[in-house]
Amino acid sequence: KEHVFLTDKEVSILMKLNEYSIIGKKDLLLDVWGYNTGIKTSTVETHIHRLRKKLSKFKNSKLEIITNKKGYSIK
């Protein structure tokens, strides 16, 4: 068995991605971190990058985080 350790924020991101077909950066900032929309940060991108890196360790993983113009989704 393969294991990966996720932070609370990474779990929250995955839960939001699973809950919505697509979710924007502003919504993730509000729902996961409680940040207002006026803040400028790369927190979402950094966490998504780390999460993708962790998930890529699974050879047979069918879980993929997709980025497009409207936001993020899982496939």
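You'll find the structure just up there.
Since this is a predicted model, take the numbers as computed values, not measurements.

(A) Molecular detail of the overall build of the protein chain. Along the protein chain, the regular secondary structure elements total three helices and two strands. If you list the helices and strands of the protein chain from N to C, you get α-α-α-β-β. Relative to the 2.2 N^0.38 estimate, which gives 11 Å for 75 residues, the radius of gyration of the protein chain is 12 Å and therefore close to what a compact globule would have. The buried share of the protein chain, taken over its 75 residues, is 28%. Sequence separation of 24 or more characterises 47% of the internal contacts of the protein chain that already satisfy a separation of 6 or more. Carbon and sulfur atoms form 51% of the exposed surface of the protein chain, whose accessible area is close to 5,700 Å².

(B) Main features of the nonpolar core. Ranked by internal contacts, the top residues of the largest apolar core, which has 14 residues, are I13, L17, V44, I65 and Y72. Setting aside chain neighbours within four positions, we find Y72 in contact with L17, S21, I22, I23, L28, V44, E45, I48, I65, I66 and T67.

(C) Broad picture of the packing of helix α1 (residues 8-19) against helix α3 (residues 43-55). Running from N to C, α1 and α3 point in directions that differ by 90°, and their axes come no closer than 10 Å. It follows from the interaxial angle that α1 and α3 lie roughly perpendicular. The segment α1 lies against α3, with K9, E10, I13 and L14 engaging H47, I48, R50, L51 and K54.

(D) Region of interest: the side chain of T43. Mapped onto the elements of the fold, T43 is located in helix α3. Overall, the relative accessible area of 17% leaves T43 in the buried class. If we skip the residues at most four places from it in the chain, T43 touches W33 and Y35.

(E) View of helix α2 (residues 25-33). Regarding α2, the residues found buried are L28, L29, V32 and W33. The buried residues of α2 occupy one face: seen down the axis, they fall within an arc of 100°. Buried residues along α2 sit against α1, α3 and β2 (71-74). Of the residues one or two after α2, G34 is the one with positive phi, at around 75°.

(F) Representation of the pairing of strand β1 (residues 65-68) within the structure. Taken together, the four bridges between β1 and β2 define a ladder with antiparallel strand orientation. Counted as the bridge partner of T67 is Y72 from β2. Counting the residues between successive antiparallel strands, the hairpin from β1 to β2 contains two residues.

Calculation criteria
Residues numbered from 1 in each chain as written. Predicted model: local features only at pLDDT ≥ 70, side-chain atom pairs only at ≥ 80, totals over all residues. Heavy atoms only, no water. Helix = DSSP H or I, 4+ residues; strand = E, 2+ residues; numbered from the N terminus. Rg over C-alpha atoms; globule rule 2.2 N^0.38 Å. Buried < 20%, exposed > 50% of the residue type's maximum accessible area, 1.4 Å probe, protein only. Contact = heavy atoms within 4.5 Å. Areas by Shrake-Rupley, 256 points an atom, 1.4 Å probe, with all protein chains shown as cover. Core = buried A, V, L, I, M, F, W, Y, C linked by side-chain atoms within 4.5 Å. Axes fitted to C-alpha atoms, helices over the stretch in contact; angles between N-to-C directions. Parallel < 35°, antiparallel > 145°, perpendicular 65-115°, else oblique. Arc of directions from axis to C-beta. Pairing = 2+ DSSP bridges.

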